[in-house]
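Each chain, letter by letter, is given below.
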Amino acid sequence: GEEVAQTPKHLVRGEGQKAKLYCAPIKGHSYVFWYQQVLKNEFKFLISFQNENVFDETGMPKERFSAKCLPNSPCSLEIQATKLEDSAVYFCASSREGPDEQYFGPGTRLTVT
Amino acid sequence: SQQGEEDPQALSIQEGENATMNCSYKTSINNLQWYRQNSGRGLVHLILIRSNEREKHSGRLRVTLDTSKKSSSLLITASRAADTASYFCATHRFQGGSEKLVFGKGTKLTVNP
């Protein structure tokens, strides 16, 4: 597609439940990035992929967060055992080459209660 | 810690006036990019300036980069109500064998009709 698609738009989970977010990058873009934005503040980098390979995962809280980008499937970000502080908007972005000129999706708002 | 500290945090101007936002960073960069975020939406890429460039224009946008001072500015001329948004600078840097964009906290611009 011509836009980055993210689903769902909103997700509500009780503390301790699992949350799974999806992202379909723009066709032809080989890089995918995940960010977390809390309270409309700075974008915290989580992880990036080059095709199905992890490019950079230095931002991932590895205990509970995991992500995949498999061929012919949307990319996914999964949070096991959600905590209140995971409440945020999670943005996915894609690009043709590397971290420059990223195209962002509309985000998934995760609320942990 | 996050690079790309924008100032001011918030800016309110009248339609037709110019808006200037600044960004400072701490380490060497490959390039610097400016993005816009409308309320509740994902980031939109505005302009990229490379480390060997000093100034770049795109429509009503003018970006400068001073690598000696590690700072950049974004000027929006003849502002419009539709320019109301948050503006983020992002530095492209190499870190620990990987490269990523690091976003600042943003400047919230309000253009009053």
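Structure: see above.
A brief structural summary. (Residues numbered from 1 in each chain as written. Chains lettered and ligands numbered in written order. Predicted model: local features only at pLDDT ≥ 70, side-chain atom pairs only at ≥ 80, totals over all residues. Heavy atoms only, no water.)

**Regarding the packing of aromatic side chains**
- As enumerated under the stated definition, the model contains 14 aromatic pairs over all chains in all.
- Here the aromatic cluster, defined as three or more aromatic residues joined through ring pairs, consists of Y35(A), F43(A), F45(A), F91(A), F104(A), Y35(B), F88(B) and F103(B). (Phe/Tyr/Trp six-rings, centres within 6.5 Å; stacked < 30°, edge-to-face > 60°.)

**Regarding the state of the cysteines**
Residues and elements named next belong to chain B.
- The tally for this structure, following the rule as stated, stands at 3 disulfides over all chains.
- Linked covalently through their sulfurs, C23 and C89 form a disulfide whose S-S length is 2.0 Å. A torsion of 65° about the S-S bond marks the disulfide between C23 and C89 as right-handed. Taken together, the residues span a long stretch of sequence, with C23 in strand β3 (residues 19-24) and C89 in strand β9 (residues 85-95) at a distance of 66 residues. (Disulfide = S-S within 2.5 Å. Helix = DSSP H or I, 4+ residues; strand = E, 2+ residues; numbered from the N terminus.)

**Remarks on the sheet that holds strand β3 (residues 19-24) of chain A**
All names here are of chain A.
- Spatial strand order, β1-β3-β8-β7: 4 strands in an open sheet with antiparallel pairing. Each having just a single partner strand, β1 (5-7) and β7 (65-68) make up the two edges of the open sheet. Strand-to-strand, the axes of this sheet are offset by a mean angle of 15°, without reference to chain direction.
- Bridge count for β7 against strand β8 (residues 75-79) is 4 bridges, and the pairing is antiparallel. Looking at β8, one finds that A67 is bridged to L77. (Pairing = 2+ DSSP bridges. Axes fitted to C-alpha atoms, helices over the stretch in contact; angles between N-to-C directions.)

**Observations regarding the sheet that holds strand β7 (residues 61-66) of chain B**
Residues and elements named next belong to chain B.
- Taken together, the 5 strands give an open sheet; going across it, the order is β1-β3-β8-β7-β6, and neighbouring strands pair in antiparallel fashion. The sheet is open, and its two edges are formed by β1 (5-7) and β6 (55-58), each paired on a single side. On average, adjacent strands in this sheet sit at an angle of 15° to one another, irrespective of strand direction.
- Pairing geometry for β6 and β7, over 4 bridges, is antiparallel. Bridge pairing links K56 to V63 in β7.

**Description of the interface of chain B and chain A**
- With 21 residues of chain B at the interface, the matching set in chain A holds 19 residues.
- Summed over both partners, the interface of chain B with chain A comes to about 1,700 Å²; 54% of that surface belongs to carbon and sulfur atoms.
- In this assembly, chain B and chain A are joined by 1 salt bridge.
- Between K100(B) and D56(A) there is a salt bridge whose closest N-O contact spans 3.3 Å.
- At the junction of chain B with chain A, the criterion picks out 8 residue pairs in polar contact (both at pLDDT 80 or more).
- Elements that contribute at least two residues to the side of chain B that touches chain A include exactly β4 (31-37), β5 (43-50), β9 and β10 (98-103) of chain B.
- Per element, the largest residue contribution to the side of chain B that touches chain A is 5 residues, and it comes from β10(B). (Contact = heavy atoms within 4.5 Å. Buried area = accessible area lost by both parts, 1.4 Å probe. Salt bridge = Lys/Arg side-chain N within 4 Å of Asp/Glu carboxyl O. Polar contact = N/O pair within 3.5 Å; in protein donor to acceptor, adjacent residues only side chain to side chain.)

**Some words on unusual backbone geometry**
- Of note, the amide linkage connecting T7(A) to P8(A) takes the cis form, showing an omega dihedral of -15°.
- On the secondary structure map, P8(A) appears in the loop between β1 and β2 (10-13).
- A cis amide bond links D7(B) to the next residue, P8(B), at an omega of 0°.
- Note on placement: P8(B) falls in the loop between β1 and β2 (10-14).
- For E101(A), which is not glycine, the phi torsion reads 50° and is therefore positive.
- Its relative accessible area of 39% is what places E101(A) among the partly exposed residues.
- Non-glycine residue K70(B) carries a positive phi angle of around 50°. (Buried < 20%, exposed > 50% of the residue type's maximum accessible area, 1.4 Å probe, protein only.)

**With respect to the side chain of D86(A)**
- Along the chain, D86(A) turns up in the loop between β8 and β9 (88-95).
- Look past the residues within four positions of D86(A) in its chain and what remains in contact with it is Q36(A), R64(A), F65(A), I79(A), L110(A) and V112(A).

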